[in-house]
Amino acid sequence: MVPISILLNVVHGFSALIYFGGVMLFGAVFAPKLAKLSNSTVFELMRDVLPSVLSFAEAVGLLTMVFGAGEFVYYMLEFYRSGGFAEVYHVLFSTAWGASVFSGALIGLVGFLVGVKIASIFESLFRLYRSVDPSKIDEIRILETKLRLYSLVGVVLLTTTVLLMVLAVSFLPLPR
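First, a word on scope: everything that follows refers to the structure included in this document. Here the structure is a predicted model, which is why all the values come from computation and not from measurement.

Section: the overall build of the protein chain
Reasoning step 1: Along its length, the protein chain carries four helices and zero strands.
Reasoning step 2: Ordered by position in the sequence, the α and β elements of the protein chain form the string α-α-α-α.
Reasoning step 3: By principal-axis analysis of the C-alpha atoms, the protein chain measures approximately 65 × 35 × 25 Å.
Reasoning step 4: When each of the 176 residues of the protein chain is scored for burial, the buried share is 31%.
Reasoning step 5: Total accessible area on the protein chain stands at roughly 10,400 Å², and carbon and sulfur atoms take up 73% of it.
Reasoning step 6: Looking at charge distribution, the protein chain has the averaged site of its 12 positive side-chain charges lying 4 Å from that of its 11 negative ones.

So this is what it looks like as structure tokens:
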């Protein structure tokens, strides 16, 4: 039987790779180029392609977060069983592993909230592109600028989270 920690780790890691790759591709490559595309191309993307891509990204992001939280809770319960709250506190705030995992989780949560804001901006853009009102072009440009800004912030937060988590699982010893 596969231990739950391995299952949590594999699903979390695999979905994180997909999510991180997608966010990096979108945030660093695609989003900055949106303003350079023709209005008709952007309209087609906003209407036909991006809603399903965004739904997939949201689902993989939630999967990553849920299994990462499950992993965190699993480890904290193990530390709790071995020494109570004092042991959990010690691991989180007195070891490099705990500091890396805890700060990575907090930054990841903030990054997820930035992702929710990005999804909200996309939803607004989808509605504006579906309307045929040409007077909405200024509102669309403002939202596209916000999208580029939030995408950059999201990429920085997500990259920081990934680096902290890789540091914790690859280089720092698990406290015992």
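Structural notes on the packing of aromatic side chains
Reasoning step 1: Taken as a whole and judged by the stated rule, the model has seven aromatic pairs.
Reasoning step 2: The interplanar angle of 75 degrees and the centroid separation of 5.7 Å between the aromatic rings of Tyr74 and Tyr75 together place this pair among those described as edge-to-face.
Reasoning step 3: Three or more aromatic residues joined by ring pairs form one cluster here, namely Tyr74, Tyr75, Phe79 and Trp97.

Some thoughts on the packing of helix 1 (residues 4–33) against helix 2 (residues 39–94)
Reasoning step 1: Where helix 1 contacts helix 2, the two axes come as close as 8 Å, and the packing angle between them is 145 degrees. Our pair here, helix 1 against helix 2, has a crossing hand that is left-handed.
Reasoning step 2: Of the residues belonging to the contact of helix 1 with helix 2, the class tally is 15 nonpolar, eight polar and one charged.

Side note on the packing of helix 2 against helix 3 (residues 96–130)
Reasoning step 1: Where helix 2 contacts helix 3, the two axes come as close as 9 Å, and the packing angle between them is 160 degrees. Here helix 2 lies roughly antiparallel to helix 3, going by the angle between them. In this structure, helix 2 meets helix 3 at a crossing whose hand is left-handed.
Reasoning step 2: Here the residues of the contact of helix 2 with helix 3 sort into 27 nonpolar, two polar and four charged.

So, a nonpolar patch on the surface
Reasoning step 1: Together, Leu62, Met65, Leu109, Leu113 and Val116 make up an exposed nonpolar region whose accessible area comes to about 410 Å².
Reasoning step 2: Going through the elements one at a time, helix 2 and helix 3 are the ones with two or more residues in the nonpolar patch.

Topic: the nonpolar core
Reasoning step 1: Of all hydrophobic cores here, the largest spans 21 residues; its most connected members are Met46, Leu50, Phe122, Leu125, Phe126, Tyr129 and Leu147.
Reasoning step 2: At the level of secondary structure, the elements contributing two or more residues to this core comprise helix 1, helix 2, helix 3 and helix 4 (137–171).
Reasoning step 3: Top contributing element to this core by residue count: helix 3, with nine residues.
Reasoning step 4: Those residues in contact with Leu147 that sit more than four places away from it in its chain are Phe26, Leu34, Ile118, Ile121, Phe122 and Leu125.
Reasoning step 5: Judged by nonpolar contacts, the second largest core, of eight residues, contains Met76, Val88, Val91 and Leu92.

Here's the deal with the pattern of salt bridges
Reasoning step 1: Under the definition given, this model contains two salt bridges.
Reasoning step 2: Glu78 is the partner of Arg81 in a salt bridge, and the nearest nitrogen-oxygen pair spans 2.7 Å. Here Arg81 and its partner Glu78 are both found in helix 2, three residues apart, which amounts to about one turn of the helix.

Focus: helix 1
Reasoning step 1: When the terminal C-alpha atoms of helix 1 are compared, their 42 Å separation across 30 residues agrees well with the 44 Å that a helix rising 1.5 Å per residue should span.
Reasoning step 2: The largest bend in helix 1 comes to about 35 degrees, at Phe26.
Reasoning step 3: Among the residues making up helix 1, those that are buried are Ser5, Leu8, Ser15, Tyr19, Val23, Phe26, Gly27 and Ala31.
Reasoning step 4: Looking at the packing, one finds that the buried side of helix 1 touches helix 2, helix 3 and helix 4.

Calculation rules
Residues numbered from 1 in each chain as written. Predicted model: local features only at pLDDT ≥ 70, side-chain atom pairs only at ≥ 80, totals over all residues. Heavy atoms only, no water. Helix = DSSP H or I, 4+ residues; strand = E, 2+ residues; numbered from the N terminus. Buried < 20%, exposed > 50% of the residue type's maximum accessible area, 1.4 Å probe, protein only. Areas by Shrake-Rupley, 256 points an atom, 1.4 Å probe, with all protein chains shown as cover. Lys, Arg positive; Asp, Glu negative; His and termini not counted. Charge placed at Lys NZ, Arg CZ, Asp CG, Glu CD. Phe/Tyr/Trp six-rings, centres within 6.5 Å; stacked < 30°, edge-to-face > 60°. Axes fitted to C-alpha atoms, helices over the stretch in contact; angles between N-to-C directions. Left-handed = near helix turned anticlockwise from the far one by under 90°. Nonpolar A, V, L, I, M, F, W, Y, C, P; charged D, E, K, R; others polar. Parallel < 35°, antiparallel > 145°, perpendicular 65-115°, else oblique. Patch = residues over 30% accessible without salt bridge, like charges linked within 9 Å, V, L, I, M, F, W, Y side chains within 5 Å. Salt bridge = Lys/Arg side-chain N within 4 Å of Asp/Glu carboxyl O. Core = buried A, V, L, I, M, F, W, Y, C linked by side-chain atoms within 4.5 Å. Contact = heavy atoms within 4.5 Å. Expected span 1.5 Å × (residues − 1). Bend = angle between axes of the 7 residues up to and from the residue.

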